[in-house]
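A look at the structure
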Amino acid sequence: LLSQFDPDNTGYISTEKFRSLLQRHGSELDPHKLEVLLALADSNSEGRICYQDFVNLMSNKRSNSFRQAILQGNRRLCSKALLEETGLSLSQRLIRHVAYETLPREIDRKWYYDSYSCCPPPWFMITITIVEASSVAFFLYNGVVLDRFVLQVSHPLYLKNALLYHPQLRAQAWRYLTYIFMHAGIEHLGLNVVLQLLVGVPLEMVHGAARISFVYVAGVVAGSLAVSVADMRAPVVGSSGGVYALVSAHLANIVMNWSGMKCQFKLLRMAVALICMSFEFGRAVWLRFHPSAYPPCPHPSFMAHLGGVMVGITLGVIILRNYEQRLQDQTLWWIFLSIYVIFVLFAIFWNIFAYSLLDLKLPPPP
């Protein structure tokens, strides 16, 4: 192909040759992908197309400048919106619904609609949710053994499990991650599971498991490290760090692209999401300062929620705003990633030295 349309090896294809290529092979392409290619040809005023841009487009690796060219050309084409298409199957309507729920640009929605194949499925969020939901059995078991179905989390026997984070066991590094599989109660678990499914699964369907799992895990780690720095005497349980990272990134993305987001009842749904998050966060704050039934064992901290939010409105927003874009081309990505790494390193050194230097009176080890 390169030798046929670029015999002089200049790295460019003339717009005229490019259009003839599309006319000849357009029937072999998805209709919306063909539309993007036409937008690319229509956006170029120099009469030539960069061959590498064409290759990147076909391999789903689009640069930011390339996206701007596509958007400019697409505005000139003024084609029919994806929402206006009829005769779609149930699965096609579901994919279209997910596109409108998560993507603010019509050209990106069309690209996603044509490219999504449900292979692989959103396995990360589903797997995490299933494993977390299995803790219901553990909760019921503890209810029988401890003769307590409410506020089990401060009971010394509950604290003995090997998953939750406890300040006396902070040297056991896995606890900074595995605490997400333990929860303070059924209502805590239920709200986190619902938010993961309603927000996390559609985001993973669009942005892929690698990016969404990165935001989720980064929120989880930031949450436990925030507790170890700002609430040093408290344990922590629950997946709120990861959940709040995803939800806050999604809500911030909607606000920043308000006119482009075409999801139905977006104002009402944002209000409901914020109310649910505020209720859950308020419950966590109340629980933290509620007198413990088993002093000196305190209730779990709420700082993990705030750590997750900070990850969501920084790293999470950059990822959600750059669908199918190379993150390494985004300056803000490197800035926020550097800040995150610095915070992680600071928290590690804080955990190594600060506890002994401050001479804190920690709760007894479980």
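Residues numbered from 1 in each chain as written. Predicted model: local features only at pLDDT ≥ 70, side-chain atom pairs only at ≥ 80, totals over all residues. Heavy atoms only, no water.

Digging into the overall build of the protein
In plain terms, the rule: Strands here mean DSSP runs of E at least two residues long; helices mean DSSP runs of H or I at least four residues long; both are numbered from the N terminus. Relative accessibility thresholds used throughout: buried, under 20% of the residue-type maximum; exposed, over 50%; partly exposed, between the two (1.4 Å probe, protein chains only). Whether two residues are in contact is decided by their heavy atoms, any of which lying within 4.5 Å being enough. Each accessible area value is a Shrake-Rupley result obtained with a 1.4 Å probe; residue values ignore everything except the protein chains displayed when judging cover.
The helix and strand tally for the protein stands at 16 helices and two strands. For the protein, with 366 residues in total, the buried portion stands at 52%. Look at the contacts in the protein between residues 6 or more apart in sequence, and 73% of them connect residues 24 or more apart. As presented, the protein carries roughly 17,500 Å² of accessible surface, and 66% of it is formed by carbon and sulfur atoms.

Looking at the environment of Val-285
Relative to the elements of secondary structure, Val-285 occurs in helix α14 (residues 266-289). A relative accessible area of 25% means that Val-285 is categorised as partly exposed. Sequence separation between Val-285 and Pro-300 is 15 residues; the distance between their C-alpha atoms is 9.2 Å.

Some words on the UniProt feature "active site" (unreviewed entry) in the protein
The criterion, for reference: UniProt positions are given in the numbering used here, feature names are shortened, and annotations may be inferred rather than shown by experiment. Counted as a polar contact is a pair of N or O atoms within 3.5 Å, where, for protein atoms, one must be capable of donating a hydrogen and the other of accepting one, and residues adjacent in sequence contribute only when both atoms are in side chains.
Under the UniProt annotation, the feature "active site" (unreviewed entry) is placed at Ser-240 and His-305. In terms of the greatest pairwise C-alpha distance, the residues named above, spread along 66 residues, form a tight cluster of at most 5.6 Å across. As for its placement among the helices and strands, Ser-240 is situated in helix α13 (residues 240-256). A residue is classified by how much of its surface remains accessible, and Ser-240, at 2% relative accessible area, is buried. One polar contact links Ser-240 to Asn-192, side chain to side chain, over a distance of 3.4 Å. Looking at where His-305 falls in the secondary structure, it is placed in helix α15 (residues 303-320).

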